[in-house]
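So the chains spell out like this:
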Amino acid sequence: MLRESPLIPPSLFPYKFSLQIQNPLDCLQPSLSLMASSTPVLQQHNNLLFTFSSKYTKSLFFFNSYNSSLNYVTKPLASTSSSLFSSPFQPSRPLVRLTRVSTAPVEYVPPAPDFDFHKEIARLKALKSKLDNCTNLKDRIRVIDSDSRVNSFFYSHKNSFSRVFETLHLDKHEMFLLKCVVAAGQQHVFGDVCTEFDATRSSLKSAFYALAEMIDNWDVNDGIRCRGVNVEALRSMLKIIAEVERFYDCIGGIIGYQIMVLELLAQSTFERPCLSHNSNNSLKHDITEIHPPSVLDLSQDLEYASQAAIWGIEGLPNMGEIYPLGGSADRLGLVDSNSGECLPAAMLPYCGRTLLEGLIRDLQAREYLYFKLYGKQCITPVAIMTSAAKSNHEHVTSLCEGLRWFGRGRSKFKLFEQPLVPAVSAEDGQWLASRPFKPVCKPGGHGVIWKLAYNEGVFQWFHDHGRRGATVRQVSNIVAATDVTLLALAGIGLRQGKKLGFASCKRNAGATEGINVLIEKKNLEGKWTCGISCIEYTEFDKFGMTDNPLSSYSLQDEFPANTNILYVDLPSAELVASSNDETSLPGMVLNVKKEITFVDQFGSKHSVRGGRLECTMQNLADNFFNTCSSRCYDGVEDELDTFIVYNERKKVTSSTKTKRRQGDKSLHQKLDEIRSTTMPHWNQNCSLQTPDGSLLDVMRNAYDILYHCEIKLPKIEGNEKYVDSGPPFLILLHPALGPLWEVTRQKFHRGSISKGSELQIEVAEFLWRDVQLDGSLIILAENVLGSTRIDDNGETILEYGKRCGRCKLENVKILNDGIDWNARENLYWKHDVQRFEAVKVILHGNAEFEAVDVILQGSHVFEVPDGYKMKITTGDSGLAVELKPIENKLMESGSWFWNYKIMGKHVQLELVEI
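Residues numbered from 1 in each chain as written. Predicted model: local features only at pLDDT ≥ 70, side-chain atom pairs only at ≥ 80, totals over all residues. Heavy atoms only, no water.

A look at unusual backbone geometry
Here's step 1: Of note, the bond from G738 into P739 is cis; its omega dihedral lies within 30 degrees of zero at 0 degrees.
Here's step 2: In this fold, P739 is placed in the loop between β36 (730–733) and α19 (741–744).
Here's step 3: We note that D770 has phi near 55 degrees; this positive angle belongs to a residue other than glycine.
Here's step 4: Structurally, D770 can be placed in strand β39 (residues 765–774). (Helix = DSSP H or I, 4+ residues; strand = E, 2+ residues; numbered from the N terminus.)

Comments concerning the packing of helix α2 (residues 117–132) against helix α3 (residues 137–145)
Here's step 1: Look at α2 against α3: their axes get within 9 Å of each other, and the N-to-C directions meet at 160 degrees. Compared by their axis directions, α2 and α3 come out roughly antiparallel. Classified by chirality, the crossing of α3 by α2 is right-handed. Residues L127, K130 and L131 of α2 form the contact with α3, whose participating residues are R140, V143 and I144.
Here's step 2: Of the residues contributing to the contact of α2 with α3, the split by class is four nonpolar, no polar and two charged. (Axes fitted to C-alpha atoms, helices over the stretch in contact; angles between N-to-C directions. Parallel < 35°, antiparallel > 145°, perpendicular 65-115°, else oblique. Left-handed = near helix turned anticlockwise from the far one by under 90°. Contact = heavy atoms within 4.5 Å. Nonpolar A, V, L, I, M, F, W, Y, C, P; charged D, E, K, R; others polar.)

Details of the confidence of the model for the protein chain
Here's step 1: Considering every residue of the protein chain, the mean pLDDT works out to 81; 74% of them sit at 70 or more.
Here's step 2: Counting contacts from residues 668–688, a segment whose pLDDT is below 50, to residues more than four positions away or on other chains yields 54 contacts. (pLDDT = per-residue confidence, 0-100.)

Describing the pattern of salt bridges
Here's step 1: Tallied over the full model, the rule gives 39 salt bridges.
Here's step 2: Residue E456 is joined to R246 by a salt bridge in which the shortest nitrogen-to-oxygen separation is 3.7 Å. Of the two residues, E456 is situated in the loop between α13 (449–455) and α14 (458–464) and R246 in helix α8 (residues 231–247); the sequence distance between them amounts to 210 residues.
Here's step 3: For R246, a relative accessible area of 40% gives the class partly exposed. (Salt bridge = Lys/Arg side-chain N within 4 Å of Asp/Glu carboxyl O. Buried < 20%, exposed > 50% of the residue type's maximum accessible area, 1.4 Å probe, protein only.)

Looking at the sheet that holds β39
Here's step 1: With mixed pairing, seven strands are arranged side by side in an open sheet as β35-β37-β39-β43-β45-β47-β48. Where the open sheet ends on each side, the last strands, each with one partner, are β35 (711–712) and β48 (878–885).
Here's step 2: With five bridges joining them, strand β37 (residues 748–753) and β39 adopt parallel strand pairing. Bridge pairing links G751 to V771 in β39. (Pairing = 2+ DSSP bridges.)

A word on the side chain of Q760
Here's step 1: Within the secondary structure, Q760 sits in strand β38 (residues 758–762).
Here's step 2: A relative accessible area of 10% means that Q760 is categorised as buried.

Examining helix α6 (residues 172–183)
Here's step 1: Its 12 residues place the ends of α6 16 Å apart at the C-alpha level, agreeing with the 16 Å of an ideal helix rising 1.5 Å per residue.
Here's step 2: Counting buried positions over the 12 residues of α6 gives 10, a clear majority of the element.
Here's step 3: Among the residues of α6, E174, M175, F176, L177, L178, K179, C180, V181, V182 and A183 are the ones counted as buried.
Here's step 4: Between the side-chain oxygen of the N-cap and the backbone nitrogen of H173 there are 3.1 Å, and the N-cap of α6 in question is D171. (Expected span 1.5 Å × (residues − 1). Polar contact = N/O pair within 3.5 Å; in protein donor to acceptor, adjacent residues only side chain to side chain.)

Topic: the packing of aromatic side chains
Here's step 1: Summed over all chains, the structure comprises 19 aromatic pairs.
Here's step 2: Taking the centre distance of 5.1 Å and the plane angle of 55 degrees together, the rings of W461 and F462 count as tilted. This pair shows no difference in class: W461 is buried, exactly as F462 is.
Here's step 3: On the numbers, 6.4 Å between centres and 85 degrees between planes, the contact of W896 with W898 is edge-to-face.
Here's step 4: Above the face of the F154 ring, K179 is positioned so that its terminal group lies 5.6 Å from the ring centre.
Here's step 5: One Lys or Arg, K651, reaches over the ring of W741 and ends 4.1 Å from the middle of that ring. (Phe/Tyr/Trp six-rings, centres within 6.5 Å; stacked < 30°, edge-to-face > 60°. Lys NZ or Arg CZ within 6 Å of the ring centre and 35° of its normal.)

A look at the sheet that holds strand β28 (residues 594–599)
Here's step 1: Strand order in this open sheet of three strands is β18-β29-β28, and the pairing throughout is antiparallel. At either margin of the open sheet sits one strand with a lone partner, and together these are β18 (424–425) and β28.

Comments concerning the pairing of strand β32 (residues 642–646)
Here's step 1: The buried fraction of β32 is high, at four of five residues.
Here's step 2: Pairing of strand β11 (residues 296–297) with β32, which is carried by two bridges, proceeds in the parallel orientation. By the bridge assignment for β32, D297 is matched with Y646.
Here's step 3: Inspection of the sheet shows strand β23 (residues 500–505) paired to β32 by five bridges, in the parallel sense. Looking across to β32, one finds that G501 is bridged to F643.

Structure (structure tokens):
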């Protein structure tokens, strides 16, 4: 029997509410109905859906008594013809069809139309100033409590919020963090059930909140929920905002984060620097000028490039390696095929191994080169910045553990996790939230790496390993360590005492990459500062670098591309990172030109234009400008603390940032959706690198290596040629064959590789002389670089040069049907292909293989056991196979090896047979 409920405040009438308890004995989980007039009601299990009509509006209301979620959509009666309200709801319909009634996340509350950015910024800055003067938590709590917004939310109108959180036994610091969120104007992330009782609230909305508070009183703490609050979600949010408060302490924590967001959003105009090659502007006022920088072109001055690379090899014991792997890599869309779990970019399987494994292979190739030249083991310490996005930290750690830390020892790795930061709406800077206590969060950009490295003791860790410089590269760039590029970058940085260096190349028109620039500034004292820096592509408009879509000329084309391949002097970086101000967070930007996608508590997908506060690691260079008394012109770069090395693009950058869509005719992903939202002036041919496109760059590099060895092979044409057919060949060479191309080329002499052939060489001690390949040849060695041992700590350690596998091919013709190029399941960039036939050589341990004066036709598998040498020649009735044990005295060194020597500015090889 229905009766008028005394629990609803009388002031809410003329609306008529009813409360129906179907099971009076169960007061902990009541079934509720709220009715207005005779509108139909659907009730099933713990869920309730009903419509509510007033004079002007009609609302659809959804309540779940299990999780206390209370959500509604209200529309004017004029729009009630919408299908959202016109269809009658019948109890027999499954509830799952009704869980998507919300058209927007209820946690997002748009600001008033007259929201004043500058007024809000001023209010927050005043609060921040007071907080900055506090010396302890007690004083900070006193200041935050004095904020009118906090006072109103927590202490006015008998708000249930304080009472709820009293039962959760939050400590003072946790309550302080929640109050900072409210002071920053982001209380909507707590959910409607925790929203303050505002005197200006409509009577209809007040009715819903009254009902929510009534329901709260029936809830019990089941270990997960307490008075309507999801405790697990709250604890998770507290962890996130505690990290924001701690990490961004240099700009004011949570309050400072929001100030920076609002300031960047409020920038409707920007003081544009004068763009000039050689400006004649008056020196009587402050000037900032941007010039195309002079570069050290490794592709033109080959002798200097070789010398710089030698410096890089010599300096390897002084170098560390830094990998920023914390990005979410949303554009890549990588998903575990078994679990359906989203994966970080480091886990992308590329050419038979993950991208992270590829980085370590490149590093070990340089260390192997050092060993061959100097006879010493050099293990470079590697610092890896991870994040919680897509379980990045767990995946990276698990991969390293599974591969026994790549035979380098756990102590040579330092993993440190970057904090996640709230994503904000582009319209008003409000934090996005997918559900109560669940703000949408993303990594805060790779620029946080310097401050985070200082906070986590990474600089001290490098110092303890005796390192004074480091190279930085991103995991998605496949070719960064190609030939001399990375070694020359490090060599110049170390040799000339530079503080920061960039590896650069020609910029692709319209690409989503920044540019390197030479910046001149006249300071207030009348002196000039000058240095190499970077401008991100998202900032081009602010710097007046917008292209004219009707012109073929692009101002951006005059500047080299920023590739995020860096050399950094560690003490200099540490000095900046330790500063307690915003200089420790270089290049702060708010890129709100992209859509942020998330799923709310009802399973509905939302896409909101927004972003998060990001830092850019390359803008660390802005702290290393040099001061001089006069203008800087030609040749100034030689005197700067920053520098740029330049090379062919295919030797510097080719990335796997974007997944190629099915049916897309471009191997470099078209950016139609990005052009329309971010850069309307972009060239219609602009593109992002896909794994398919980067593989072609790898093939181009293989062509350049082998073509100069008098090996005939098909030339790689434009990418559009291979959209449906795949590359003209697959050649995958282990980087330890070089990694300097002048080293690799001394291991290959004459021969040919036919179109459609496949060559994979996984061995460093290798010789190719007069080999003709038409089909597939795969050479795999267990001990590519050496053998492993177990050290005193029980860790697996790779010892370079000991018991390596070896292979020699002389005057050999290989003929087989090779890859089935018509197989639809082929994924060439994964090196996952179907084959008709192949010749495989498998070397266990220190096994050796030789083939001399022989034709290998059809499929063959030559598997050589550890400690043996197999030799294939032509016999009277076909192939003659000879298998002999290696002499004991040759077990470590092998029966032959390459002897490396530095001759002037070059590395020369000599084949030594014992």
